[in-house]
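Architecture and fold: a report
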Amino acid sequence: LALLLAWVALQPYAAPVPTGPFLPGYSAARAQQHVQALAQTPRPAGSAANARARGYLLARIRALGLEPEVQVDTVQSTSWDWMSHAQVTMATARNIVVRKPGAARGAAGDGAARPAVLAMVPYDSGPATPGAADGAASAAALLEAMRVLQTGPPLDNDILFVFTDADAAQAMGARAFMQSHPWAKRVRVALRFDNAGNRGPLELVNAEHADGFALDAWARAAPAPRGSS
């Protein structure tokens, strides 16, 4: 899943559509159409443009046969400077949360008891940028991956797709999901995708809290594993 989402999102605009067994049916051209629709104007949290982007994503997700929900939560983050001055950031995040049920069942015969895989991307932007190569490209890559997974064979475990809001600074939407949403307790491995531009290698970053399971999965799945933590 990491390869599926991040590989296309980090390619140059004019890159050919990737092919191979690890990207069946994935269309970079279709994902680019989503980028163009989302990144027409800046869409900071709470803005009318942000609401339009959320409506666009909800409509496309429902068209795939999935049932999204909107999680609305107000969260805060506190940071301290070297003189012990506190800066408190508060935001109301409107996350789009989707569950693709897995085929396998837990030990008690309840599919909901099995661990889940979390794929998380931001869809908002800063107030002065349309965020085409950041949130828009990340959200478009995940949306196209959802389409591919919907047309493919059933997966064993549930996949939780989360499009986070208010993440342009302080990752407030991600905090809201992990702190408040009941599905967060079922996550066994969390994959968060961001773009640092429109080209360059696929890298693992900010993995200081990842365990051996996650790092081993990355080492086996990435075509040329690289990164630092």
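What you see is a predicted model, and the numbers here were worked out from it, not measured in a lab.

**Structural notes on the overall build of the protein**
- Summing up its helical and strand segments, the protein has six helices and five strands in all.
- Secondary structure of the protein in N-to-C order comes out as α-α-α-β-β-β-α-β-α-β-α.
- With 229 residues in all, the protein has 40% of them scored as buried.
- For the protein, the computed accessible surface area is about 11900 Å², with 55% contributed by carbon and sulfur atoms.

**Overview of the packing of aromatic side chains**
- Tallied over the full model, the rule gives zero aromatic pairs.
- The aromatic ring of Phe 213 is capped on one face by Arg 188, whose charged end is 4.4 Å from the ring centroid.

**A look at the nonpolar core**
- Of all hydrophobic cores here, the largest spans 31 residues; its most connected members are Leu 57, Ile 61, Met 146, Phe 161 and Phe 163.
- Looking at this core, the elements with two or more residues in it are α2 (28-38), α3 (48-63), β2 (86-100), β3 (116-122), α4 (132-151) and β4 (158-164).
- Considering every element that reaches this core, the biggest residue donor is α4, with eleven residues.
- Filtering out sequence-adjacent residues up to four positions away, Leu 57 remains in contact with Leu 38, Ile 96, Tyr 123, Leu 143 and Phe 163.
- Grouped together as the second largest cluster of nonpolar side chains are nine residues, Leu 118, Leu 160, Ala 174 and Phe 177 included.

**Notes on the sheet that holds β2**
- Pairing is mixed in the open sheet, where five strands are placed in the order β1-β2-β4-β3-β5. Unpaired on one side and paired on the other, β1 (69-80) and β5 (187-192) mark the two borders of the sheet. Along the sheet, successive strands turn relative to each other by an average axial angle of 30°, direction set aside.
- In this sheet, β4 lies alongside β2 in antiparallel orientation, the contact comprising five bridges. In the strand pairing of β4, Lys 100 is matched with Ile 159.

**A few points about the pattern of salt bridges**
- Tallied over the full model, the rule gives nine salt bridges.
- With a shortest N-O distance of 3.0 Å, Arg 192 and Asp 167 are connected by a salt bridge. Residue Arg 192 is found in strand β5, and its partner Asp 167 is found in the loop between β4 and α5 (172-180); the two are separated by 25 residues along the sequence.
- Accessibility expressed as a relative area gives 36% for Arg 192, which makes it partly exposed.
- Look at Asp 167 and you get buried, because its relative accessible area is 9%.
- In this structure, Asp 216 and Arg 220 form a salt bridge, with 2.9 Å as the shortest nitrogen-oxygen distance.

**Some remarks on the side chain of Asp 73**
- When you line up the elements, Asp 73 lands in strand β1.
- We note that Asp 73 is buried and unpaired, the nearest opposite charge coming from Arg 94 at a distance of 11 Å.
- At 2.6 Å, the side chain of Asp 73 and the side chain of Ser 180 are in polar contact.
- When sequence neighbours within four positions are dropped, the list of residues in contact with Asp 73 reads Ala 91, Thr 92, Ala 93, Ala 176 and Ser 180.

**Comments concerning α4**
- For α4, built from 20 residues, the straight-helix expectation of 28 Å at 1.5 Å per residue is met to within 8% by its first-to-last C-alpha distance of 27 Å.
- Of all the 20 residues making up α4, 14 are buried; the element is thus mostly covered by neighbouring parts of the structure.

**Some words on the environment of Leu 143**
- Within the fold, Leu 143 resides in helix α4.
- For the pair formed by Leu 143 and Arg 30, sequence separation is 113 residues and the distance between their alpha carbons is 9.7 Å.
- Here Leu 143 is in contact with His 34, Leu 57, Arg 60, Ile 61, Leu 64 and Phe 163, once residues within four sequence places are set aside.

About the cut-offs
Residues numbered from 1 in each chain as written. Predicted model: local features only at pLDDT ≥ 70, side-chain atom pairs only at ≥ 80, totals over all residues. Heavy atoms only, no water. Helix = DSSP H or I, 4+ residues; strand = E, 2+ residues; numbered from the N terminus. Buried < 20%, exposed > 50% of the residue type's maximum accessible area, 1.4 Å probe, protein only. Areas by Shrake-Rupley, 256 points an atom, 1.4 Å probe, with all protein chains shown as cover. Phe/Tyr/Trp six-rings, centres within 6.5 Å; stacked < 30°, edge-to-face > 60°. Lys NZ or Arg CZ within 6 Å of the ring centre and 35° of its normal. Core = buried A, V, L, I, M, F, W, Y, C linked by side-chain atoms within 4.5 Å. Contact = heavy atoms within 4.5 Å. Pairing = 2+ DSSP bridges. Axes fitted to C-alpha atoms, helices over the stretch in contact; angles between N-to-C directions. Salt bridge = Lys/Arg side-chain N within 4 Å of Asp/Glu carboxyl O. Lys, Arg positive; Asp, Glu negative; His and termini not counted. Polar contact = N/O pair within 3.5 Å; in protein donor to acceptor, adjacent residues only side chain to side chain. Expected span 1.5 Å × (residues − 1).

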